Amino acid sequence: MIRLVLLDIEGTTLPISFVRDVMFPYAAKALPALMQDHTNPTVVAARADIVMEHPGQDPLKVCQDWMKADVKAAPLKTLQGLSWRQGFEDGTLKADLYPDVPPALEAWSKGGLRLAVYSSGSIPSQKLLYGHTAQGDLTPLFEDFFDLSTGGKKDAASYEKITAAVGLPADEILFLSDIGAELDAAQRAGMTVCQLVREQDGTVPHPGVPQAPDLNAVSTQFGLPVA
């Protein structure tokens, strides 16, 4: 029996186009000024991490190169999260989730399922996104948020850590993602998995795992509460 649903964000609950065409360009524009902030301890720490990893290189250039290559580096995710905070809080950014997502999450929560998020985006940025959606504040639906501080999303050990953190048998956790390698890692850790194959995003079906076009289909396939 599934007792907790662990959800990826990009390509699973939120269109990739929103991240690619709205959030990333916003962060890229804000990054140069943000990295000049020597008073914010979070910025100072992220910049120090970059310098340690890439000595002698301009931290801003490193971040820009990471963004171009879509490298999911923790310091970059932290800095992006800071830039997005301003955008979400002043109303410039508002997450437009897939239409099936809010009603499904609410039905699952009301039906007694526990919900959590595991994304490469930092925990603060995850909360910002779900706190400022076109459908309202959805953060109260989630009990836990996990990011790259737990470990890489293609590493089975990360899912083992999450399993320990939520205190459930692994097979009672359903992990939803659009990325095959993440699903494989979660499966190696013993979790139940399902790939979201979103037509809008052109998701390529991954062999060896169950698939669903949306969260309503996930509900039907796994016997979860229906919206």
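Worth saying up front: this structure is predicted, and the values here are computed from it rather than measured.

1. Remarks on the pairing of strand β4 (residues 173-177)
For β4, the tally of buried residues reaches five of five residues, placing the bulk of the element in the interior. Of the two faces of β4, the one carrying Ile 173, Phe 175 and Ser 177 and the one carrying Leu 174 and Leu 176 are both buried. Of the strand pairs in this sheet, strand β1 (residues 4-7) and β4 are connected by four bridges, and their pairing is parallel. Residue Leu 4 lies in a different strand from β4, and its bridge partner there is Ile 173. Of the crossover connections in this fold, the one passing from β4 over helix α8 (residues 180-188) to the parallel strand β5 (residues 192-196) is right-handed.

2. Details of the side chain of Ser 125
Its location among the elements puts Ser 125 in helix α6 (residues 123-131). Overall, the relative accessible area of 5% leaves Ser 125 in the buried class. Leave out the neighbours within four places in its chain, and Ser 125 touches Gly 81 and Trp 84.

3. Let's talk about the packing of helix α5 (residues 101-110) against helix α9 (residues 215-222)
Packing of α5 against α9 brings their axes to within 9 Å, and their N-to-C directions diverge by 35°. For the pair formed by α5 and α9, the contact residues are Val 101, Ala 104, Leu 105 and Trp 108 on the first element and Leu 215, Asn 216, Val 218 and Ser 219 on the second. Residue composition of the contact of α5 with α9, grouped by class: six nonpolar, two polar and no charged.

4. Digging into the pairing of β5
The element β5 is extensively covered by neighbouring structure, given that four of its five residues are classed as buried. The sheet contact formed by β5 and strand β6 (residues 211-212) spans two bridges and is parallel. In the sheet register, Leu 196 faces β6, and the bridge partner there is Ala 212.

5. Brief notes about empty space enclosed by the protein
All told, the structure shown has one cavity of 30 Å³ or more when counted by the stated rule. Considering only enclosed or pocket space, the largest cavity measures out at about 50 Å³ in volume. If you go around the largest cavity, the residues you meet are Phe 24, Trp 66, Met 67, Asp 70, Val 71, Leu 76, Lys 77 and Gln 80. Elements with a minimum of two residues in the lining of the largest cavity: α3 (59-69) and α4 (74-89). Looking at the lining of the largest cavity element by element, the count peaks at three residues for α4.

Procedures and definitions
- Within each chain, residues carry numbers counting from 1 in the order of the written sequence.
- pLDDT decides what is reported in this predicted model: residues at 70 or higher carry local features, side-chain atom pairs at 80 or more are listed and counted, and totals for whole chains, interfaces and linings draw on all residues regardless.
- Derived side-chain values reflect all non-hydrogen atoms in the structure, with water molecules and hydrogen atoms excluded from consideration.
- Remark: exposure states derive from per-residue accessible area (1.4 Å probe, protein chains only) relative to the maximum for the residue type, with buried under 20%, exposed over 50%, and partly exposed in between.
- Elements are defined by DSSP. Helices are runs of H or I of four residues or more, strands are runs of E of two residues or more, and each kind is numbered from the N terminus.
- Two strands form a pair only when DSSP identifies at least two bridges running between them.
- Think of it like this: strands point away, you trace from the first strand over the helix to the second, and a clockwise trace means the crossover is right-handed.
- Should any heavy atoms of two residues lie within 4.5 Å, those residues are counted as being in contact.
- Helix axes use the C-alpha atoms of the stretch in contact, all axes being lines fitted to C-alpha atoms, and the angles between their N-to-C directions lie in the range 0 to 180 degrees.
- Three residue categories are used. Nonpolar comprises Ala, Val, Leu, Ile, Met, Phe, Trp, Tyr, Cys and Pro, charged comprises Asp, Glu, Lys and Arg, and polar comprises the others, including Gly.
- Computed over the protein atoms alone on a 1 Å grid, cavities are sets of points where a 1.4 Å probe fits but cannot get out and pockets are open sets with protein on both sides within 12 Å along at least five of seven lines; a residue lines them when it has an atom within 4 Å of a point.
- Grid points are joined across faces, edges and corners, and a volume is the space filled by probe spheres set on the points.

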